[in-house]
Amino acid sequence: MPAIRLFNRRFNFSSDDLTIPSLIDLILRFPLLILFTILQFEDQSSQWQCPFLFSLVYFYLLCILYGLIIILSLIIFVISLKGTPINNAYPRRHMPLLIYIRLILVLIDIGINVFGLIIFLREFQQCDNLLRGIMIVSVCLSSILAMSLFIILAFTLDLTGIVSAEKKWEMRIKFLFCCGRSYGGQSSNIENITKTLQYLFDDERFDLVTSDLAAGLVLLQHEDFYEERSIDIYENVPLQLIKDGLYYNSYAQSAFGWFSLAYHYRWTFLPRILFAMRFRTIGFCCCCCGIPCCQNEDSLYDPCGGQYRTLQYLLREQKPVILYANFFGAFGRAPFYIAADNEKKTIIISIRGTLSATDVLTDIDAVEDILETELFGNGYCHSGMHSAAKYIRDDILQRLIDIFVKYPDYSLVLCGYSLGAGIACILSILLKSTYPHLKCYGIAMPGSVLSENLVLSTRHFIYSYVVDVDMIARASLQSLEQLRDRILFALNQCNLNKFRILTTTFVRTLTKRRQVFHSISNESDRTNINSTISQIVSTDHSIERVQLVLPGTIIHLYSTDRVGLFTRKASYRACISNYNQFDHLIVHPRMWFDHFPASYSTALADVIEYSSSI
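Positions within a chain are numbered from 1, following the residues in the order the chain's sequence is written. Given that the model is predicted, a residue must reach a pLDDT of at least 70 before its local features are reported, and side-chain atom pairs must reach 80 or more before they are shown or counted; all residues, however, enter totals for whole chains, interfaces and linings. Excluding hydrogens and water, the side-chain values take into account all heavy atoms of the structure.

(A) Structural detail: the overall build of the protein chain. Of regular secondary structure, the protein chain possesses 21 helices and 17 strands. We call two residues in contact when some of their heavy atoms are within 4.5 Å. Summarising the internal contacts of the protein chain: among those between residues at least 6 apart in sequence, 77% fall at separations of at least 24. All accessible areas in this document rest on Shrake-Rupley with a 1.4 Å probe, and a residue is counted as covered only by the protein chains that are shown. In the form shown here, the protein chain has an accessible surface area of approximately 28,400 Å², with 60% of it arising from carbon and sulfur atoms. Here a helix means four or more residues in a row that DSSP labels H or I, a strand means two or more in a row labelled E, and each is numbered from the N terminus.

Next up, the structure:
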């Protein structure tokens, strides 16, 4: 930061991002230069004989060129280590000139190798085998490095001034997620997503590149790691609520199908999936020739029946009756299934969380959408989740009527994991007027689902489970905006170069452990958030948005041990929290791992074990 400008265009990398590329260039070319030099000294002997023109022109020119490239790469390496990310970029002011020179040397390198290759092909038989091998290595290396350089420049080119900002983000999204085609008969309308990303990461306004975000997160992680945080326990969690969370967690995770099987049984996945399929390898033929022998009439978009049978295997302990399954996934859609649990006497709708690229798009479509309800008035909700919830509602309305005719004494329960939890939350509100006794259990609930008025009105039937510093439970447009501003502030205050931030500071932070939360119950013992965490860069917030927050009754499963990235076992306690405690992201080594299914299964089981032992 700031982004470098070449040929009067902005590129999405900065002058302090060239440390590693220049070091790689040095490592690859220096051994070849030594080898070429040795060959030139040995060239007088008969065993190294080659055409004079080839030896004189190609090898001497290549040695000189490699020497210049190595010197230039060393200069780029040293200069890129100077200064700081923002405050002191002056020592790197000549970096564009060095890049221009490097590009010229690349063109010369290509010309010399093309010339050498032509002579080499004509005089192939006259050269020694070692020289042939060195020639091939040199041509391949130069070609790969040249292509890599031009590809990187092409992909990092900022198209501002050529296309609009929204169009630029749309092109990036379509390239990353391959969403230029239609799904389910509708086009992928990503206008909301592009506007959101443009608002959060305006290239011209904030001038951030990817490495700046990474360095900023490392700095914030180092800062947040040592911050004292308190949990205000104003209400104990009923043990039955924890048991219900663990029970329906199995249903929520099973909606991932084969992925859940692979995640939980990494070493025995293959035999288990074969057993789940009853070793019916003919299923692979069904996908190709359309034979319906493996399909199940109660499941859609599962031509080989593999997802349905995997679902049965994952729920072998609960032994529910799977009544219906729809495995169609797309932008604004989510796979789900309906099962009858005879033990709990419940009809369970379980919705799958994020698994595919289109699910990520549904996650990012986080603008507020109007949610009209009969019981709770009008409010706002997550747009992408709202679309998926309406799709599921339209698909199951008549099916639920038929199901409850067959199971009249059963109650309705909705559950989901991550994205599925948010969709289940909105779907439960849509169905609440028809099924007044329904409940919703959201495992790893996202942090941007409902507006505050709907949250307060739905606490009695929606339950959200959050483990420790799970980043998804704290992710919202407001928290991401705050995180962006904190990154800008941290980079502005930093006196280290970016390479040191991304290496020594990062490694040092990863290897440390600390207890994140400290529970308190007295008003007088509360501690405010450290001033460093609330220090925000003042920016022009040109767009006013409705704040979407974590919904329902929030069960926070927090660790009581000193935890770090490599912590394998931790003790957990549970408390009921307010959504205000999840309004900002905590940058911690375990912020991503705490969102994993194993973390929730472990935390829920540990809280139950602890409560039972008291």
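(B) Just the pairing of strand 5 (residues 321–326), in detail. Each residue is assigned to one of three classes by its accessible area relative to the maximum for its type, calculated with a 1.4 Å probe on protein chains only: buried under 20%, partly exposed between the two thresholds, exposed over 50%. Of all 6 residues making up strand 5, 5 are buried, and the element is well covered by its neighbours. Of the pairings in the sheet, the one linking strand 4 (residues 299–300) to strand 5 comprises 2 bridges and is parallel in character. Counted as the bridge partner of Ser299 is Ala325 from strand 5. In the classification by handedness, the crossover that spans strand 4, the intervening helix 13 (residues 306–314) and the parallel strand 5 is left-handed. Two strands qualify as a pair provided DSSP detects at least 2 bridges between them. Orienting the strands away from the viewer, one traces the path from the first strand over the helix to the second; a clockwise path indicates a right-handed crossover.

(C) Highlighting helix 13. Residues of helix 13 that are buried: Gly306, Tyr308, Thr310, Leu311, Tyr313 and Leu314. Lining the buried residues of helix 13 we find helix 9 (239–254), helix 10 (258–264), helix 11 (269–276), strand 4, strand 5 and strand 6 (336–341).

(D) Expanded view of unusual backbone geometry. Phi is positive for Asn8, which is not a glycine, with a value near 65°. With respect to the helices, strands and loops of the structure, Asn8 is situated in the loop between strand 1 (3–6) and strand 2 (9–14). In this structure, Ala444 takes a positive phi of about 55° despite not being glycine.

(E) Spatial organisation of the environment of Thr362. With respect to the helices and strands, Thr362 occurs in helix 14 (residues 357–364). Note on Thr362: relative accessible area 0%, which makes it buried. In sequence terms Thr362 and Ile193 are 169 residues apart; their C-alpha atoms lie 9.0 Å from each other.

(F) Representation of the sheet that holds strand 10 (residues 411–417) within the structure. Overall, mixed pairing links the 9 strands, which are arranged 4-5-6-7-10-11-13-16-17 in an open sheet. Each of the sheet's edge strands pairs with one partner strand only, and the pair in question is strand 4 and strand 17 (572–577). Note that strand 5 and strand 6 share 5 bridges and pair antiparallel. Of the residues in strand 6, the one forming a bridge with Asn326 is Phe336.

(G) Here's a closer look at the side chain of Ser142. Secondary-structure assignment places Ser142 in helix 4 (residues 129–156). A distance of 3.1 Å separates the side chain of Ser142 from the side chain of Asp109, its partner in a polar contact. We define a polar contact as two N or O atoms separated by no more than 3.5 Å, with the added condition that, inside protein, one atom must be a possible hydrogen donor and the other a possible acceptor, whereas residues neighbouring each other in sequence contribute only through side-chain atom pairs.

(H) Local environment of the pattern of salt bridges. Any carboxyl oxygen of Asp or Glu within 4 Å of a side-chain nitrogen of Lys or Arg constitutes a salt bridge here. Using the criterion set out here, one finds 17 salt bridges in the structure. Measuring nitrogen to oxygen at the nearest pair gives 2.7 Å for the salt bridge that ties Asp158 to Arg10. One end of the pair, Asp158, is in the loop between helix 4 and helix 5 (165–177); the other, Arg10, is in strand 2, with 148 residues separating them in the sequence. In this structure, Asp158 and Arg10 share a single accessibility class: buried. Because the salt bridges share partners, they merge into one network encompassing Asp16, Asp17, Arg92, Asp212 and Lys498.

(I) Geometry of the confidence of the model for the protein chain. By definition, pLDDT measures how confident the predictor is in each residue, and it falls between 0 and 100. Residue-level pLDDT values for the protein chain average 83, and 83% of them are 70 or greater. Ignoring residues within four places in sequence, the model shows residues 281–290, a span with pLDDT below 50, making 11 contacts including any to other chains. Note that pLDDT drops below 50 for residues 521–542; the model gives that stretch 34 contacts with residues more than four away or on any other chain.

(J) Molecular detail of the pairing of strand 16 (residues 553–559). With 7 of 7 residues buried, strand 16 lies mostly within the body of the structure. Side-chain alternation along strand 16 places Thr553, Ile555, Leu557 and Ser559 on one buried face and Ile554, His556 and Tyr558 on a second face that is also buried. Bridge count for strand 16 against strand 17 is 6 bridges, and the pairing is antiparallel. Paired with Ile554 across the bridge in strand 17 is Ser577.

(K) Here's a closer look at a nonpolar patch on the surface. Residues Ile20, Leu23, Ile24, Ile27, Leu28 and Phe499 make up a contiguous nonpolar surface patch of about 480 Å² in total accessible area. Top element by residues in the nonpolar patch is helix 1 (residues 19–42). It accounts for 5 residues. Positionally, Ile24 belongs in helix 1. Here a patch means residues that are over 30% exposed by relative accessible area and free of salt bridges, tied together within 9 Å if like-charged and within 5 Å if nonpolar (Val, Leu, Ile, Met, Phe, Trp, Tyr).

(L) Representation of helix 14 in the model. Those residues of helix 14 that sit buried are Thr358, Asp359, Leu361 and Thr362. When helix 14 is viewed along its axis, its buried side chains cluster within an angular range of 155° and face the same direction. Contacts made by the buried residues of helix 14 are with helix 5, helix 6 (191–200), strand 9 (378–382), helix 15 (383–406) and helix 16 (419–431). Think of it as the arc spanned by the lines of direction from the helix axis to the C-beta atoms.

(M) Geometry of the packing of aromatic side chains. Between the rings of Phe, Tyr and Trp (Trp by its six-membered ring), a pair exists once the centres lie within 6.5 Å; its type follows the angle of the planes, with under 30 degrees stacked, over 60 edge-to-face, and the other angles tilted. Tallied over the entire structure, the rule returns 20 aromatic pairs. For the ring pair Phe7 and Tyr100, a centre distance of 5.2 Å and an interplane angle of 65° mean the geometry is edge-to-face. Remark: Tyr100 occurs in helix 3 (residues 95–122) and Phe7 occurs in the loop between strand 1 and strand 2; sequence separation between them is 93 residues. Assessed through its relative accessible area of 29%, Tyr100 is described here as partly exposed. Between Tyr247 and Tyr251, the aromatic rings sit 5.9 Å apart at their centres with planes inclined by 50°, giving tilted as the arrangement. Residue Tyr247 and its partner Tyr251 are located together in helix 9, separated by 4 residues, close to a single helical turn. We note that Tyr247, like Tyr251, is buried. Each member of the aromatic cluster is reached from another via a ring pair, and the members are Tyr247, Tyr248, Tyr251, Tyr441 and Tyr463. By definition, being over a ring means that NZ of Lys or CZ of Arg is both within 6 Å of the ring centre and within 35 degrees of the ring normal. Arg29 extends its terminal NZ or CZ atom over the ring of Tyr66, reaching a point 5.0 Å from the ring centre.

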